Amino acid sequence: MAELALSLVEARFLEALLTAGPPTVARCGEVLNWSHRPFPSEWAERSIDRVHFGSEFCETLLPGEWQVRQAVAAAMSCGIGLSLVTAPASDAGLERLSALLQLLPAGSEVIANDWGVLRLLADFRPAVIPVAGRVLCKMVKDPRLPSAEWAKLYPHGIHSRPFVALLRRLGVGRIEMDVPPFAQPADFHGLGPAISVHSPFGFSVRGRSCRAGSLNLPLEQKFMVGPACHRECLVYIDHMSRRQGGSESDLPTFQRGHTIFYRHSPEMNAALATAVAQGRVDRLVLSGDWNEDCRSHQSSR
Amino acid sequence: MKIVAPISRVGEVAPLARAGVDELYCGIVPSEWTARFQSASVNRRAFGNLSSYEDLRQVVGIAAEFGRTVSLVMNAQHYTEAQIDSLVDLAYRFAEMGGRALIVGDLGLLSVLAERGPAIRLHASSLLGCRNAGHSLLLKDLGAQRVIFPRDITLSEMAGVAAASAQLEYEAFILNDGCVFEEGSCHSIHLPSRLGGPICLDRYVSEYSRADGRPLALAEQNKLAANDHAYQEWLWYRFSCGFSVSPEGFPFGPCGLCAIPQLAAAGIGAVKIAGREGALERKIKSVELVRAALDHHSMAGGTSQYSDFVRALRGGEASCAPGYMCYYRETGAGKACARG
């Protein structure tokens, strides 16, 4: 049976979810106000096995030291695994990350979405387990693709021997993948590393010029790389629709910060379920607090 | 500092050499690739490629007559194992023709080319998104001799990476074609315009909600709308200002000319002009523009006289006053303001 991980970007949810033992999927949905059904729905009463803490997409959201200490303590008290999630990084970000790595118990995972982070882990932190995040596992994931034929034009190489050899060289034994539009179970068929898959949202594109992060900046600093944002991505969700030119096959799409996400279709969920049943995917990463969240939050008012 | 510019046809080599280019880059989609893989996925661009080995041979030959070099792009986001094998064969052909370097966008391909490819220089494409010293050192370990920085990087970040690994050469964007999202993290397809075009320019309508479930206050709605309006303005500049040009024919759009003094000081050895699919006239004017800036910099250095000169090239300060056109806005070269 596949392991269940819960991804959290904000530390405040650690306390809400992990004080009374490992939460069930249903409890996660209740606290985090999921509008989407947890996948697979029959696992609602299953407890989560691991927490993924941090941001995959923006180094500004790298947790502080006390937050990492909090995550370590919460995971240990629950008896669940901890994975520190990291984003593409500048050298300044790598320096901050290096300090955080000292706080992780041996055997913790670090999910790297930057090759420099993987190299750092290989060279200096052999006690943590490196995982290649989904930013490094490239595949076509355009939520507007009108047919499977488009996806076939650009097959991914995640399971190719050169890519697997590179991962092995960096000590990576696990990769993270998205479910691409028009996915087939074979998309997850690899002979190399173990495979985690994010559900029920994939990411399509990410940038560094941040629309949400520019909200409170003066015109001359908007959409610029560098100025400090106010983490508006944690506050606002942009639900995107193509009212002109969109097609029925468009996947529900939303943007948080500088990353565009899509929600899986029932067919994509079915392909993932088959891959899980076949043992090709051994961990599901449920999107915790970083989702489209379009239901009103009666409980949190 | 070398000027690196694109070509898409044999006939473009000589004009660009005369305009002052140092290195040329191009792509090719051989017919057997299309037949075998049913797509043009040899590199990042479906269009703007040479279509035959004979054309590629001529490109390399004509460039050599002018004392220029040619690099071949293999910069798709990802390749299958079978495609990598085909690219190794292509690399040998290109090396035999006298090609100078391969621009590689996939780490698996880079490592294979270093292990069993021809003796040819390997340049790590901007698609690999190198933004820290650890990444650049890994690229060096895998066989790269040059790192091409991505667009969204600051001057100080580039300087830091270059200082940490001085054995590598570095190249930075200088003109044309600004991706909205990071090219290396873009998993969309530039669809035909009837299907929406690039995702960053598709006509999406935004509806905002708050993650805490509270309704948006009117002031928040207004602020978000104003921000989106500014974003549309920024998109226009980022997308080459509608491919407009100055009275002299110099292209408007993403530009890093004012940053040349800082780039030079950081040890950046080459600057890249984008726009492989563009018209020849645009490519020539782009090379002329960068050549003029570099020549002036070599005489004037990083003085205020240099900045004045560069801004005057396209009609004075007003032409680039909107800072949204700058690749490296920390130079303070322009002040952001609404178009028109």
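J.: What exactly am I supposed to notice about the nonpolar core here?
T.: Soluble globular proteins: nonpolar side chains tend toward being buried together. Residues A:Val51, B:Leu24, B:Met158 and B:Val290 are the most contacted members of the largest nonpolar core, which totals 170 residues. Once residues within four sequence positions are removed from consideration, A:Val51 is found in contact with A:Ala5, A:Leu6, A:Leu8, A:Leu18, A:Ala71, A:Ala75, A:Ile80 and A:Leu82. If you look at the next biggest cluster of nonpolar residues, it comprises 21 residues, including A:Cys210, A:Ala212, A:Phe261 and B:Phe181.

J.: Please clarify how the interface of chain B and chain A should be interpreted in this entry.
T.: For an interface, size is often stated in terms of accessible area lost upon the parts coming together. Taken together, the contacts link 65 residues of chain B with 64 residues of chain A. When contributions to the side of chain B that touches chain A are tallied by element, the ones reaching two or more residues are helix H4 (81-97), helix H5 (107-116), helix H6 (133-141), helix H7 (155-164), strand E8 (205-210) and helix H8 (218-238) of chain B. Among the residues forming the side of chain B that touches chain A, the class breakdown is 27 nonpolar, 22 polar and 16 charged. Across 6 bridges, the pairing between strand E9 (residues 236-241) of chain A and E8(B) is antiparallel. Residue pairing in the sheet places A:Ile237 in a bridge with B:Ser209 of E8(B).

J.: Where do I start with H4(B) in this structure?
T.: An α-helical segment advances 3.6 residues per turn. Residues three or four places apart therefore align on the same side. Look at H4(B): 25 Å from first C-alpha to last across 17 residues, which is about the 24 Å you get at 1.5 Å a residue. When H4(B) is considered as a whole, its buried residues turn out to be B:Gln83, B:Ile84, B:Leu87, B:Leu90, B:Ala91 and B:Phe94. For H4(B), the angular spread of the buried residues around the axis is 115°, confining them to a single face. In H4(B), the exposed positions that point more than 90 degrees away from the buried face belong to B:Asp89 and B:Glu96. As for H4(B), its buried residues are in contact with helix H7 (161-169) of chain A together with helix H2 (31-37), helix H3 (53-65), strand E3 (69-74), strand E4 (101-104) and H5 of chain B. B:Gly98 occupies a position one or two residues after H4(B) and carries a positive phi of about 105°.

J.: Where do I start with the sheet that holds strand E10 (residues 253-256) of chain A in this structure?
T.: Strand pairing within a sheet occurs via backbone hydrogen bonds; the two strands may be parallel or antiparallel. Taken together, the 5 strands give an open sheet; going across it, the order is E8(A)-E11(A)-E10(A)-E9(A)-E8(B), and neighbouring strands pair in antiparallel fashion. Edge positions in the sheet fall to strand E8 (201-206) of chain A together with E8 of chain B, since each of these pairs with one other strand and no more. Adjacent strand axes in the sheet meet at a mean angle of 30°, parallel and antiparallel pairs treated alike.

J.: Please explain the domain arrangement of chain B as it appears in this structure.
T.: Assigned domains of chain B: these are domain 1 (2-183 + 250-303) and domain 2 (202-235). On a C-alpha basis, the centres of domain 1 of chain B and domain 2 of chain B stand 37 Å from each other.

J.: So what exactly am I meant to see when it comes to the packing of H4(B) against H5(B) here?
T.: When two helices pack together, their arrangement is given by the angle between the helix axes and the distance between those axes. Residue and element names in this part refer to chain B. Relative orientation of the contacting elements H4 and H5 amounts to 50°, with a least axis distance of 10 Å. Taken as axis vectors, H4 and H5 run oblique relative to one another. Relative to H5, H4 is oriented so that their crossing is right-handed. Contact with H4, carried on its side by Ile 84, Leu 87, Val 88 and Ala 91, involves Gly 108, Leu 109, Val 112, Leu 113 and Arg 116 of H5 and no other residues of that element. Of the residues assigned to the contact of H4 with H5, the class counts are 7 nonpolar, 1 polar and 1 charged.

Here is what the cut-offs are and how they apply
Residues numbered from 1 in each chain as written. Chains lettered and ligands numbered in written order. Predicted model: local features only at pLDDT ≥ 70, side-chain atom pairs only at ≥ 80, totals over all residues. Core = buried A, V, L, I, M, F, W, Y, C linked by C-beta atoms within 7 Å. Buried ≥ 20, exposed ≤ 12 C-beta atoms within 10 Å, placed from the backbone. Contact = placed C-beta atoms within 7 Å. Helix = DSSP H or I, 4+ residues; strand = E, 2+ residues; numbered from the N terminus. Nonpolar A, V, L, I, M, F, W, Y, C, P; charged D, E, K, R; others polar. Pairing = 2+ DSSP bridges. Expected span 1.5 Å × (residues − 1). Arc of directions from axis to C-beta. Axes fitted to C-alpha atoms, helices over the stretch in contact; angles between N-to-C directions. Domains from an automatic or database assignment. Parallel < 35°, antiparallel > 145°, perpendicular 65-115°, else oblique. Left-handed = near helix turned anticlockwise from the far one by under 90°.

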